[in-house]
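Below, each chain spelled out in residue letters.
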Amino acid sequence: MISEDEPSAQEIILNPLQKQIIKNIRAENEVISARCGWGSGKTSALIFGLWFVAKSRPGTSSLLVTDTAPRYNSVLLPEIEKWLSPIGWTYNHTLKKWTDQHTGSSVWCRSYYRPDTRSSTHNPLEGLNVTSGVCFIDECQTMSEEVAHKALGRLRSGPSPIMILVGLPVVDAWWCDFAEKAKYQPLLYTSYVNEANLSAAWFEATKLLPEDERAAMVMNQPKPPSGLVYSEFRDELIIDDFVYSPEMTGRIVIDWGFRKPSVLIIVHDEAREASVIVAEINPQEVTIEKLSAMILEIAWPRSLQASAPPDRILLDTGTADKAGSARSDHTGISAFRMISKPHDQGGIALPMRWTTDPVKTDILNGVQKLKRALHQKKYLITRDVWAKGEKARGNSLRKALLSYSWDKSERPKKDGREDPLDALRYDCIFHYWTDRAGYTSRASSDTATKTNRRRRGNLRRQF
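Predicted, not measured: the structure shown is a model, and the values here were computed from it.

*Asks:* How should helix α13 (residues 419–431) be read in this particular structure?
*Replies:* Residue pairs spaced three or four apart in an α-helix point in one direction, given the helix's 3.6 residues per turn. Given a rise of 1.5 Å per residue, 13 residues ought to cover 18 Å, and the 19 Å separating the end C-alpha atoms of α13 matches this to within 8%. The buried fraction of α13 amounts to 11 of the 13 residues, a majority that puts the element mostly inside the structure. The complete set of buried residues in α13 reads Asp419, Pro420, Leu421, Asp422, Ala423, Leu424, Arg425, Tyr426, Asp427, Cys428 and Ile429.

Next up, the structure:
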């Protein structure tokens, strides 16, 4: 028997990862996503999940998917035989189907390998009848989001559809994003979650691995892949010992947008000679009034310091995207004017700056300047902001830094996460531009374009 809590001596004791997956299935969460280190027990967690669904939804069929038949035969099949065969499960090799003889529940086992020459309509999941409404997908890091879309199509005949997706630590894990889009928090565990079932010698041996590999596969801290736009960002820019003081100059920067605006709150640390990102706000579908209220929960204009609630960051200046100068069709006034209004009128009572200089507002020019600022350690981020960014449901500076890459034309590729980086670029324009003769003077769009063409070839190799 499998138990979540207070198991007897005869029961299987689940580790925290396995307990949480069972609890989320019991709660009927539509998407359960886990990114876990080597040896964390993620495959066993799927098997225990299969058992739980068979008991709680008797007489139904579920779906178990991995990437290839060899992996199923060498990993999943032995694990199912280990845990489920002794309690009455039998396997039909022809149908690739396990059946619980006690409940009548069954599990279709499939590998999702589709050659590029075949259409996505020709996939191994077509035609399966998944009456339990539950699908388990293992080794998500080896597949694309397509597998989740196709599996979801098989769950339409069952009650309360549930997808459980697990994979190893990689940056930009699609299955974690998939859960976030459905408003569910991904589960993130290191190898140490299964420490009770792994030897101390094994953990000691992992210390012989290359540092980046151990950080990723044991500690669940994957490094960004090569080819990122801001490859100058590195771990030493994340600081643990920052202490805010009201004497520090504070500022705010905003990337506008009703659908998903982005706000960074930054203070200048004179001792470090750097700007420290101490907070970020990345809501979805909010008005300027609502965004202002969220900002005032964290920061307050220094000019009104006497009325500031406790623990607020004091703001001296504000910067934002020039798009905020356009008047709203609904209000007839600009975002800049709205946010500069007094608190009781839906603003933050802080004037904002922007520029329309075609050289400074050109994306490639701004990227170049921000790359240099990161390389020179002009920007730091607190550990708290960095850690929260990984678990954020929507956008975050962390997610943006780890996904913002170059396209084939050597231009930054928009992936929907870049808003916090756009905000940081606007801040860089005002604080770390470093004027040079013939570079920052106002120029026509044609001149700026010609300049950019000469720079593109060198932009990625400058640091």
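Here the narrative resumes, following the displayed structure.
*Asks:* Explain empty space enclosed by the protein here, please?
*Replies:* Any space left empty among the atoms is revealed by the rolling of a water-sized probe across them. Applying the stated criterion across every chain, the model contains 4 cavities of 30 Å³ or more. Estimated volume of the largest cavity: approximately 240 Å³. Lining the largest cavity we find 15 residues, and of these Arg35, Asp172, Ala173, Glu390 and Lys399 sit closest to its centre. Of all the secondary structure elements, the ones that give two or more residues to the lining of the largest cavity are α5 (174–181) and α12 (397–401).

*Asks:* Looking at this model, I keep getting lost on the environment of Gly347. Mind explaining?
*Replies:* With respect to the helices and strands, the residue Gly347 is situated in the loop between α9 (335–339) and α10 (363–375). Not counting residues up to four positions away in its chain, the partners in contact with Gly347 are Ser292, Leu296, Met338, Ile339, Lys341 and Pro342.

*Asks:* Teacher, can you tell me more about the nonpolar core here?
*Replies:* One finds Tyr230, Ile252, Ile254, Ile265, Ile295 and Tyr379 to be the most contacted residues of the largest nonpolar core, which totals 65 residues. Residue contributions to this core peak at 6 residues, all from strand β14 (residues 274–281). If we skip the residues at most four places from it in the chain, Ile295 touches Ile252, Ile254, Val263, Ile281, Ile339 and Ile348. Grouped together as the second largest cluster of nonpolar side chains are 36 residues, Leu76, Trp98, Cys109 and Val134 included.

*Asks:* Help me understand the side chain of Ser132 in this model?
*Replies:* Within the secondary structure, Ser132 is located in the loop between β7 (106–111) and β8 (134–137). With a relative accessible area of 0%, Ser132 lands in the buried category. Within the structure, the side chain of Ser132 is placed 3.1 Å from the backbone nitrogen of Val134, a separation counted as a polar contact.

*Asks:* Could you clarify how one ought to interpret unusual backbone geometry in this entry?
*Replies:* Unusually for a residue other than glycine, Asp311 sits at a positive phi of about 65 degrees. Relative to the assigned elements, Asp311 resides in the loop between β15 (299–301) and β16 (313–315). What makes Asp311 exposed here is its relative accessible area of 78%.

*Asks:* Would you mind going over the sheet that holds strand β9 (residues 162–167) with me for this structure?
*Replies:* Strand-to-strand pairing in sheets goes through backbone hydrogen bonds, with the strands running parallel or antiparallel. Spatially, the 8 strands line up as an open sheet ordered β5-β6-β7-β4-β8-β9-β3-β10, and their pairing is mixed. Only two strands of the sheet have a single partner each, and these edge strands are β5 (89–92) and β10 (187–189). Across the sheet, the axes of successive neighbouring strands diverge by a mean angle of 15 degrees, strand direction being ignored. In the sheet, β8 pairs with β9 via 4 bridges, with the strands oriented parallel. Its bridge partner lying in β9, Val134 is registered against Ile162.

*Asks:* Looking at this model, I keep getting lost on the pairing of β7. Mind explaining?
*Replies:* Each regular strand displays side chains that alternate between the two surfaces of the sheet. By the criterion of burial, β7 is predominantly enclosed, with 6 of the 6 residues buried. A two-sided burial pattern is seen for β7, the buried positions comprising Ser106, Trp108 and Arg110 on one face and Val107, Cys109 and Ser111 on the other. As defined by bridge partners, strand β4 (residues 61–66) adjoins β7 across 6 bridges and the pair is classed as parallel. Bridge pairing in β7 links Ser62 to Val107. Note that strand β6 (residues 97–100) and β7 share 3 bridges and pair antiparallel. Within the sheet, the bridge partner assigned to Trp98 lies in β7 and is Val107. Hairpin connection from β6 to β7: 5 residues lie between these consecutive antiparallel strands, with Gly104 at a positive phi of about 80 degrees.

The rules behind the values
Residues numbered from 1 in each chain as written. Predicted model: local features only at pLDDT ≥ 70, side-chain atom pairs only at ≥ 80, totals over all residues. Heavy atoms only, no water. Helix = DSSP H or I, 4+ residues; strand = E, 2+ residues; numbered from the N terminus. Expected span 1.5 Å × (residues − 1). Buried < 20%, exposed > 50% of the residue type's maximum accessible area, 1.4 Å probe, protein only. 1 Å grid on protein atoms, 1.4 Å probe; cavity = no way out; pocket = protein on both sides within 12 Å on 5 of 7 lines; lining within 4 Å. Points joined across faces, edges and corners; volume = space filled by probe spheres on them. Contact = heavy atoms within 4.5 Å. Core = buried A, V, L, I, M, F, W, Y, C linked by side-chain atoms within 4.5 Å. Polar contact = N/O pair within 3.5 Å; in protein donor to acceptor, adjacent residues only side chain to side chain. Pairing = 2+ DSSP bridges. Axes fitted to C-alpha atoms, helices over the stretch in contact; angles between N-to-C directions.

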